[in-house]
Amino acid sequence: MNKPLRRIAIFCGFLVLALLVRDNWLQYVKADSLKNDEHNRRVTIDRYSTPRGDILVGGDPITGSTETKSNGLNDLKYKRTYKDGPMWAPVTGYASQAFDASQLEKIDDKILTGNDDRLFFRNTLDMVTGKPKQGGNVVTTLNPAAQKAAFDGLKGRGKGAVVALEPSTGKILALASYPSYDPSSFAGNTNADADAWNKLQKQNDPNDPMLNRALRQTYPPGSTFKVVTAAAALENGLYTSAEQHTKSPLPWTMPGTNTELKNEGNLPCENATMREALRVSCNTVFGKIGADLGNDKMLEEAEKFGFNKEQFTPVRSNASVFSKDMNKSQTAMSSIGQFNTAATPLQMAMVVSAIANDGKLMKPYMVDKLQSPNLDTLEQTDPEEMSRPLSEKNAQILQSMMETVVKDGTGKNAQMGNGVTVGGKTGTAQHGVNNAGKPYAWFISYAKMSDGSSPVAVAAVVEDENANRGDISGGGLAAPIAKSVMQAVVNSRQ
Amino acid sequence: MSSSTQSTTHHTSTIGAIGAPSRRNTELAMLVFAVAIPMFAYANVGLAINNTVPPGLLAYGVGLGLLAGVGHLVVRKFAPYADPLLLPLATLLNGLGLVVIWRLDQSKLLQSIDQAGSAAPRQLLYTAMGIALFVVVLIFLKDHRVLQRYTYISMVGALILLLLPLVPGLGANIYGAKIWISVAGFSIQPGEFAKIVLAIFFAGYLMVKRDALALASRRFMGLYLPRGRDLGPILVVWGISIVILVFETDLGTSLLFFGMFVIMLYVATERTSWIVFGLLMSAVGAVGVASFEPHIQTRVQAWLDPMREFNLSRSGVHDGVMHSEQLQQALWAFGSGGTLGTGLGQGHSDLIRFAANSDFILATFGEELGLAGLMAILLVYALIVERGVRTALAARDPFGKLLAIGLSGAFALQVFVVAGGVMGLIPLTGMTMPFLAYGGSSVIANWALIGILLRISDTARRPAPSPAPNPDAEMTQVVRP
């Protein structure tokens, strides 16, 4: 009987071996993915087991942590608090015990909780010395004064968004969206938190306060898109200077149709120069440029500015749209920011920033560096050139045209004085079926110091549902907000 | 030359009464470790959870030490040549189980759903009862061959035990499986005891019938096929397993009994064909029953896609069967433990909620002791099985061999089915990890199992009684050239 006994012994050995192999598979090979699975409650427990690291703006934290009131069963020790939550929400996102996390709070979660691999050595040391684990900090590029100017400006105007960039680096200086939400209100996991969360959802609040309009909403850019069209004209050699007459007829019928493209009012657009056409915002001139250049060349230029691509700042922004395979009349409409063309406020800020930076588009970013708990730098973001939508010479031609717009065109509201030159472009974008919706008021601009440097480029958009249709023009509603943001940046420089 | 011859003859003159050493002192030394390690673990849990050494540490150490000491003294007196490792290994597992059950008692989450709180003192009581049964087995069962007399009584007893949960008013349906009975407020799993009784019946029956089953066969395609009438017993056991599966919806118990029978049949007859038949029949049975039994289908689906089951459970779907997030929670517990574990008392395995301290207790070991600790636990089980198989090899009578391999084979299958189920290697079944898991029936029955194995190994290793002094000894010398 001993032979089968030995075989049974081997069989039992295989059973145990199978268990050991499975155990290694679970606890070694799959350990990390199981451990970090978003549904694994331990992730949340860990996220709130120690005070979270902070998100810093201008050296000061805009976030905090507070001990959760213990009710026995709550396994989460700390919860997130926010200073000026609604103002900073488009930057920070939220970290909620009940509703996960978003934006910077989510992307840099490992740094903030102190679980990042780069903190491993330090954590091990802390474990040996018995110190509690600490989270690292996220240092942002934002400018608190500019952010406040942007947020306050929007608050006075209703819905909208503002993005300000530093043209020479791509640093995001302001990123505001209105209406906004206070992430503190649902940071915990009580019923009150759940109620606050539910109230903010789009189905319960038509204003959709949790939408980050600066990055995630695309608007028809309207006339502000004409600077892209002008850049395309210069880059493709259709016109070589701002003073060249464009030989545009008035009225102008779009090729392949019987439809006349209309201007807003009785404007001197016949055979206007590009400077003049941009100053008074001629639809006919820029529509014709688009039609003359054709879809491919316009698309190429728009994509150099970043259209049709998501941006990661590192918070993701939606892709702005400039369509392919359009016929001449559709291209003409698209070239004045209508038809399918749509842009996020970030996208238009990138356009104006590239022009202000003599043609170089810098990749926009909002995280300057990641710090360990003892403030050592773990990771520094370096400015990075994304593309070169236009040559230095053409950029300067376009700058002078945009400066004319502010000096004695539609953008007079943005003049700053004190030796600061402003270049800009207004836009009033129509939308809705038969343009029935309230138009969006746009303003994009940059400020240039007397030494020729340009510290800030801004895009502001206002959707004002209560204003009269006639009142909504970029120059009237959006330009003052852009101006106060530029002023805040210029002031903080001095 | 002659002197060397003489020295050889001196050694070979009689069969010595020196024999195998009893190894009782080895057992005692190992028992010290088996008590000290759980005590250390207990202190560890207390420090991790409450920042103090638990006040009950000394009492716990004394209690466990006393139980182990009584076990040891009884073995020393009544089974002096028994295997020295089985008692310490079982004590170690039982002690660690107590510690982890106490650790889960501290979880507020489990307390709030009435899954823990005072389980550890009860388990200590069960352990004492288990050791008591162990002592009774060793004292009153002087020779395991006595059990042979009760072959058919065992059969009847096992059937009664297995069918008890189906008796209306007595059986209790807990989480979908009907393998419990409740008597005077206690839940008892008769299957745990049936395991032992059934092994006695199989051993007695097969010992008598093995020749008929082994020799009367036809050869077909390289396999020895048994005669039709010899197929009877395996068909009956198979039928009973299917009945258990269908009416008690417990795949584990059914698999365990059938597997045990096939192993013993194979050992008794040395015919590989029985293994082939066994595998085929269990496959047919399992697939057949699973095709119409929703409880088992759910278990299989949960095994294939635990995440889907988790979501179904969370979304509160009502489709007639109970969905459970336990398996996914257990997998997360294992994964979160990683290589070295979080440390005792520092994991979150209470998220498993139901049965966290019984069927799923291995997940807590996995999370808090890590891959390293869990592998050690699995190897302790492997060692118990190995000692059992060794006992079977050493046993001199076929009944002892069959009983020992039946019991250790069933033990191995149970460990595999439970650990494999909790780790997602095979579909989950409702059985408990021997010695570790919370549950009276399991602890008591397994202590009895260890008692029987010790008895068999004592008989096997006991040296033959020294022959009476033989006046002809000089005449029967073996002389080597």
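Since we're looking at a predicted model, the values are computed, not measured.

One full turn of an α-helix is made of 3.6 residues, so residues set three or four places apart face in the same direction. Residue and element names in this part refer to chain A. Buried within helix α14 (residues 295-304) are the following residues: N295, M298, L299, E301, A302 and K304. Where α14 is buried, its residues contact α11 (226-235), α13 (283-293), α15 (328-335) and β17 (385-387). At the C-terminal side of α14, G306 shows a positive phi close to 115°.

Glancing now at the packing of helix α8 (residues 190-215) of chain B against helix α17 (residues 440-461) of chain B. Residue and element names in this part refer to chain B. At a minimum axis separation of 8 Å, α8 and α17 run at an interaxial angle of 15°. Of the possible angle classes, the one that applies to α8 and α17 is roughly parallel. Of the two possible hands of crossing, α8 and α17 adopt the one that is left-handed. Along its contact with α8, which presents E192, F193, K195 and I196, the element α17 presents S441, S442, A445, A448, L449 and I452. A breakdown of the residues in the contact of α8 with α17 according to their chemical character gives six nonpolar, two polar and two charged.

Residues and elements named next belong to chain A. The strand order β2-β1-β7-β15-β16 describes an open sheet built from five strands, whose pairing is mixed. Unpaired on one side and paired on the other, β2 (60-61) and β16 (377-380) mark the two borders of the sheet. As defined by bridge partners, strand β7 (residues 137-140) adjoins strand β15 (residues 367-371) across four bridges and the pair is classed as antiparallel. Bridging across to β15, N137 finds its partner in Q371.

Residue and element names in this part refer to chain A. Burial of the side chains of β7 extends over both faces: N137 and V139 are buried on one face and V138 and T140 on the other. As paired elements, strand β1 (residues 55-57) and β7 share two bridges and run parallel to each other. Among the inter-strand pairings, I55 is bridged to a residue of β7, identified as V138.

What follows is about the interface of chain A and chain B. Taken together, the contact pairs 31 residues of chain A with 39 residues of chain B. Of all the secondary-structure elements, those providing two or more residues to the side of chain A that touches chain B are α1 (2-29), α2 (31-35) and α3 (41-47) of chain A. With 18 residues, α1 of chain A is the largest single contributor of residues to the side of chain A that touches chain B. Split into classes, the residues belonging to the side of chain A that touches chain B amount to 17 nonpolar, six polar and eight charged.

Residues and elements named next belong to chain B. Taking 1.5 Å as the rise per residue, helix α6 (residues 119-140) with 22 residues should run 32 Å; its terminal C-alpha atoms sit 31 Å apart, in good agreement. Within α6, burial applies to A119, A120, Q123, L124, Y126, T127, G130, I131, F134, V137 and L138. Projection of α6 onto a plane perpendicular to its axis shows the buried side chains occupying an angular sector of 165°, all on one side. Exposed and oriented more than 90 degrees from the buried face of α6 are L125 and F140.

Residue and element names in this part refer to chain B. Relative to the assigned elements, P165 resides in the loop between α7 (151-163) and β1 (171-174). Overall, the presence of 25 C-beta atoms within 10 Å leaves P165 in the buried class. Separated by 24 residues in the primary sequence, P165 and Q189 place their C-alpha atoms 8.3 Å from one another.

Looking now at the confidence of the model for chain B. Residue and element names in this part refer to chain B. Per-residue confidence for chain B gives a mean pLDDT of 85; residues scoring 70 or more make up 87%. Confidence drops under a pLDDT of 50 for residues 1-17, and excluding neighbours within four residues, the segment shows 14 contacts in the predicted structure. As a predicted assembly, this complex carries a pTM of 0.76 together with an ipTM value of 0.89.

With that settled, the discussion passes to the sheet that holds strand β18 (residues 421-429) of chain A. Within a sheet, each strand pairs with its neighbour through backbone hydrogen bonds, oriented either parallel or antiparallel. Residues and elements named next belong to chain A. One open sheet accounts for five strands, arranged β9-β8-β20-β19-β18; its pairing is antiparallel. Looking at the sheet topology across the chains shown, the edges are occupied by β9 (172-178) and β18. In this sheet, neighbouring strand axes are inclined to one another by 10° on average, regardless of whether the strands run parallel or antiparallel. When strand β8 (residues 159-165) meets β9, the two strands line up antiparallel, connected through six bridges.

Once that is clear, we can look at unusual backbone geometry. All names here are of chain A. Along the chain, L250 connects to P251 via a cis peptide bond; the corresponding omega equals -5°. Relative to the assigned elements, P251 resides in the loop between α11 and β10 (252-253). Across the junction of T313 and P314, the peptide omega takes the value 5°, indicating a cis bond. On the secondary structure map, P314 appears in the loop between β12 (311-312) and β13 (316-317).

Cut-offs applied
Residues numbered from 1 in each chain as written. Chains lettered and ligands numbered in written order. Predicted model: local features only at pLDDT ≥ 70, side-chain atom pairs only at ≥ 80, totals over all residues. Buried ≥ 20, exposed ≤ 12 C-beta atoms within 10 Å, placed from the backbone. Helix = DSSP H or I, 4+ residues; strand = E, 2+ residues; numbered from the N terminus. Contact = placed C-beta atoms within 7 Å. Axes fitted to C-alpha atoms, helices over the stretch in contact; angles between N-to-C directions. Parallel < 35°, antiparallel > 145°, perpendicular 65-115°, else oblique. Left-handed = near helix turned anticlockwise from the far one by under 90°. Nonpolar A, V, L, I, M, F, W, Y, C, P; charged D, E, K, R; others polar. Pairing = 2+ DSSP bridges. Expected span 1.5 Å × (residues − 1). Arc of directions from axis to C-beta. pLDDT = per-residue confidence, 0-100.

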